[in-house]
Amino acid sequence: MTFNQLVWKMAKGNKSKYLFYFLCNAFAVFFFFMYSTIYFNNSVVAVKESESIKDVLSIPGVALVFFTVFFITYAHRIFTRRRKKEFGLLMTLGMAKRDIAKLLIIENVIIAFTSILTGIITGLVFSRLMFLLFIHMTGLGDIPFNLSQEMFTYSIGAYLCIILISILITIYLTLTKTVSQNLKSDRVVDAIKHRSPVFGLLGVFMVTGSAVLLYCTFSIPSMAQDAGGYLLMSTLGILMGLYVTLSQGMSFFMKFARKHKPYYYNELLTLRSLEYKFKQLTAIMLLVTIMSMVTIFYSTTILIINSLGEQQVIDDHPYDIAYVETVTKNTLSKEELYEVVNKPENPVKKYDTVEMYIYYQDDSYMDDAYHVHTFMQVSDFNKIMGTNEVLNKEQFIDWINMDPKTTSGDSIYENGLAIKDGDSQFKYSLKKTIIDKQLNFHRYTPYSILVVNDTVFQQLRKDLIGDKVRMNLLNFADWKLTEEVAEDLESRLEEINESTPPLESVREVYDVEEAKQILKPVSKVVDYNQIRSSSKIMFFVTTFISILFFFGSFILLYLNIFSNMAEEKAKYKKLFKIGITRREIQKLVSKEMSVLFFFAPLLGCSLAFVYIFSFAQDVGGILENPQFLVHFFSISGVYLLIQTVYYFYSRKKMLSELEI
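To keep things clear, this report deals only with the structure shown in the data block. (Residues numbered from 1 in each chain as written. Predicted model: local features only at pLDDT ≥ 70, side-chain atom pairs only at ≥ 80, totals over all residues. Heavy atoms only, no water.)

1. Side note on the overall build of the protein
Inference 1: Within the protein, the regular secondary structure consists of 22 helices and nine strands.
Inference 2: The buried share of the protein, reckoned over its 660 residues, is 47%.
Inference 3: By sequence separation, contacts in the protein at least 24 residues apart represent 83% of the contacts at least 6 residues apart.
Inference 4: For the protein, the accessible surface area stands at approximately 33700 Å², while carbon and sulfur atoms represent 61% of it. (Helix = DSSP H or I, 4+ residues; strand = E, 2+ residues; numbered from the N terminus. Buried < 20%, exposed > 50% of the residue type's maximum accessible area, 1.4 Å probe, protein only. Contact = heavy atoms within 4.5 Å. Areas by Shrake-Rupley, 256 points an atom, 1.4 Å probe, with all protein chains shown as cover.)

2. Topic: the pattern of salt bridges
Inference 1: Scanning the entire structure with this criterion turns up 11 salt bridges.
Inference 2: The shortest N-O distance in the salt bridge between Glu355 and Arg470 comes to 2.7 Å. Taken together, the positions of Glu355 in strand S2 (residues 348-362) and Arg470 in strand S8 (residues 466-476) put the pair 115 residues apart, joining distant regions of the chain.
Inference 3: Its relative accessible area of 31% is what places Arg470 among the partly exposed residues.
Inference 4: A salt bridge links Lys432 to Glu389; the nearest nitrogen and oxygen atoms lie 3.2 Å apart. Here the residue Lys432 occupies a position in strand S6 (residues 424-435), and Glu389 occupies one in the loop between helix H15 (378-385) and strand S4 (395-400), the gap between them amounting to 43 residues.
Inference 5: Owing to a relative accessible area of 15%, Glu389 belongs among the buried residues under this scheme.
Inference 6: Where salt bridges share partners, they join Glu325, Glu355, Arg461 and Arg470 into one cluster. (Salt bridge = Lys/Arg side-chain N within 4 Å of Asp/Glu carboxyl O.)

3. Description of helix H17 (residues 483-497)
Inference 1: With 15 residues, H17 extends 21 Å from end C-alpha to end C-alpha; this agrees with the ideal 21 Å at 1.5 Å per step.
Inference 2: Looking at the buried side of H17, the elements it contacts are strand S1 (321-325), helix H14 (334-341), S8, helix H18 (512-519) and strand S9 (522-523). (Expected span 1.5 Å × (residues − 1).)

4. Some remarks on the nonpolar core
Inference 1: Val589 and Phe597 are the most contacted members of the largest nonpolar core, which totals 99 residues.
Inference 2: The element contributing the most residues to this core is helix H2 (residues 15-39), with 15 residues.
Inference 3: Ignoring any residue separated from it by four or fewer positions in sequence, one finds Val589 in contact with Tyr572, Met654, Leu655 and Leu658.
Inference 4: Residues Val324, Phe381, Leu391 and Leu519 belong to the second largest nonpolar core, which totals 28 residues. (Core = buried A, V, L, I, M, F, W, Y, C linked by side-chain atoms within 4.5 Å.)

5. Structural notes on the pairing of S1
Inference 1: Among the five residues in S1, five count as buried, and that is most of the element.
Inference 2: Burial of S1 is two-sided: the residues Ile321, Tyr323 and Glu325 facing one way and the residues Ala322 and Val324 facing the other way are all buried.
Inference 3: As paired strands, S1 and S8 are joined by five bridges and run antiparallel to one another. Looking across to S8, one finds that Ile321 is bridged to Leu474.
Inference 4: Where S1 and S9 come together, two bridges link them in antiparallel fashion. Bridged to Ile321 within S9 is Ser523. (Pairing = 2+ DSSP bridges.)

6. Things to note about the side chain of Asn497
Inference 1: Tracing the sequence through the fold places Asn497 in helix H17.
Inference 2: Residue classification places Asn497 among the buried positions, given a relative accessible area of 12%.
Inference 3: Apart from the residues within four sequence positions on either side, Asn497 is in contact with Lys329, Asn330 and Leu519.

7. A short note on the packing of aromatic side chains
Inference 1: Under the criterion given, the structure shown has 17 aromatic pairs.
Inference 2: Geometrically, the ring pair formed by Tyr215 and Phe613 is stacked, given 5.5 Å between the ring centres and 20 degrees between the ring planes. In this pair, Tyr215 sits in helix H8 (residues 197-219) while Phe613 sits in helix H21 (residues 582-615), placing the two residues 398 residues apart along the sequence.
Inference 3: Look at Tyr215 and you get partly exposed, because its relative accessible area is 32%.
Inference 4: Put simply, the rings of Tyr215, Phe609, Phe613, Phe632 and Phe633 touch in pairs and so form one group of aromatic residues. (Phe/Tyr/Trp six-rings, centres within 6.5 Å; stacked < 30°, edge-to-face > 60°.)

8. Examining the environment of Phe549
Inference 1: Checked against the element boundaries, Phe549 lands in helix H19 (residues 524-563).
Inference 2: In this structure Phe549 comes out as buried when scored by relative accessible area, which is 5%.
Inference 3: Separated by 254 residues in sequence, Phe549 and Thr295 place their C-alpha atoms 7.9 Å apart.

9. Considering a positive patch on the surface
Inference 1: Taken together, Lys255, Arg258, Lys259 and Lys261 make up a surface patch of like positive charges.
Inference 2: Checked against the element boundaries, Lys259 lands in the loop between helix H10 (227-258) and helix H11 (261-266). (Patch = residues over 30% accessible without salt bridge, like charges linked within 9 Å, V, L, I, M, F, W, Y side chains within 5 Å. Lys, Arg positive; Asp, Glu negative; His and termini not counted. Charge placed at Lys NZ, Arg CZ, Asp CG, Glu CD.)

10. With respect to the packing of helix H13 (residues 282-316) against helix H22 (residues 627-658)
Inference 1: Packing of H13 against H22 leaves a shortest axis separation of 9 Å and a crossing angle of 140 degrees. Taken together, the axes of H13 and H22 are oblique relative to one another. When the axes of H13 and H22 are compared, the crossing they make is right-handed. Across from Ser292, Thr295, Ile296, Ser299, Thr300, Leu303, Ile304, Ser307 and Leu308 in H13, the residues of H22 making contact are Gln627, Phe628, His631, Phe632, Ile635, Ser636 and Tyr639.
Inference 2: Partitioned by chemical class, the residues of the contact of H13 with H22 number eight nonpolar, eight polar and no charged. (Axes fitted to C-alpha atoms, helices over the stretch in contact; angles between N-to-C directions. Parallel < 35°, antiparallel > 145°, perpendicular 65-115°, else oblique. Left-handed = near helix turned anticlockwise from the far one by under 90°. Nonpolar A, V, L, I, M, F, W, Y, C, P; charged D, E, K, R; others polar.)

11. Observations regarding the environment of Ile169
Inference 1: Looking at where Ile169 falls in the secondary structure, it is placed in helix H6 (residues 149-175).
Inference 2: For Ile169, a relative accessible area of 40% gives the class partly exposed.

12. Brief notes about the sheet that holds strand S5 (residues 417-421)
Two modes of strand pairing occur in sheets, parallel and antiparallel, and in both the strands are linked by backbone hydrogen bonds.
Inference 1: Strand order in the open sheet formed by nine strands is S5-S6-S4-S7-S3-S2-S8-S1-S9, with mixed pairing between adjacent strands. Looking at which strands have only one partner, the edges of the open sheet turn out to be S5 and S9.
Inference 2: In terms of strand pairing, S2 meets S8 through 11 bridges, oriented antiparallel. Across the sheet, Asp352 pairs through a bridge with Leu473, a residue of S8.

13. Some thoughts on the pairing of S6
Inference 1: Bridge count for S4 against S6 is six bridges, and the pairing is parallel. In the sheet register, Asp398 faces S6, and the bridge partner there is Thr433.

See the structure below:
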């Protein structure tokens, strides 16, 4: 018998094992390729906030690689573990270790090649459908589907790197074992080593303490200043605590259960079996917990961002459309403006203009440094604020144009304002500080605006050298219908500006692109649509990765449970012989599988809730934002519902395989 014939006969004898391993590899290539069709599509990265889209797509990409490394490595380990006896037999018959390595390389090369071919072809068929769904969900318009070299190169390259590492590890572990160790591999039972109830309790305390630290990070102002460091510390603590808890937690539970003897002896078989399996499945349970936690937290966060997007835009844009007018730029009369923006189906409801004067005061201690002071007359301030403030010629109001919830409100003008420009001297005292967001964010609407008496304002414009600007502010009947109006206004202003001198400042220098952005109208609906598009993209990608993680975690559990089917059959046959009834065995199997299928996802859901509950402190807490809970329970409910379906399927499959 030739070497090639031997390889072929072994493949035929283990066709079910080869088939399952081949499907796992093809599955990995398939998802790599489908993801790359989105990430490397030229049109997607070129439209609307292209850099943000790339950042959003990169995060799940890293998660995909991390998961696939573990997934392929684990599937490969299960595939080879049950074949070590064959390798030991071949060594007994005189086959050299070099030939064993050659055998492993040949069969893995064949599987890798067929997996790449199958995964790419399947990906080509389904990627077009998924891309159309992606465009429909995100509303990015009619973007053509295209293929590029990067899609094939990165998909195949990433898979080959992972499978190569798995093959090398397998060869090393197989060839370092003796012949007797390989022959007895299927009869060696892994013992429960390092059983420590104390460490199990310590793991619970680590997870709990890290969760408390995470909550305090966002609820205590002094800790929030270094949120990044505390967030990293608490996350690492949770991960380390999880590993200790999953590996030793059942030992602690067993010790605790022994104190309740009726329960302990009634559930002895289940508890002992779970203690053994938790110890052996620590890595898998940890991965499934992390995947479910990240999936639920990420998906819930995207839904929250999407739901809060509208309110965020409304808070950031008190006016539906705002644009700046200088001495030479955006000089559009009210009549001309209304011709462009005042539509019968969506008329202008409010039109305000405010004059501002920007003065650049030289720093007394540093050359080429200066302080920027933006002045506004009190009549304009009262007009847009709806107040009736009165100022004498020596007073001013420090108006902080920010949301009171996002700023401390400390004024840098507590000691008043003194300006000296040549022979001219001006000195004013602070009457009050007002914090209220009433102007759209713009280059010419700074953090702090100095409101002065109207006469003083005119005097400052006359005596000081600075920039004169006017903010034009418009509100409409329905701001969500103003996208076309904003585009028409932008085109009209660009047309006017083509025949006027460049934008100039007495102190600052603008390039062409910067000047264009300054003169461009600020639109509420445009920012809202950008947030919606970005949220939809993130939600789609998150859903995509969530589906991958869900199926991957299920397959990992399925692989481990059903790869030991021969041992499970032998175990339950022995139990049946000593008097355990079929109904009791069915109950035992159901309890064991329910814990294995639901413990990690439920733990992941709990940790995801801890993160959401903690992050909610930044926006007033979970009670002030009930939509956080709605989105969390919606995502968690769907996740656990699908997991329940897979549990009943796997349970039925297990009972069928055990012939119970």
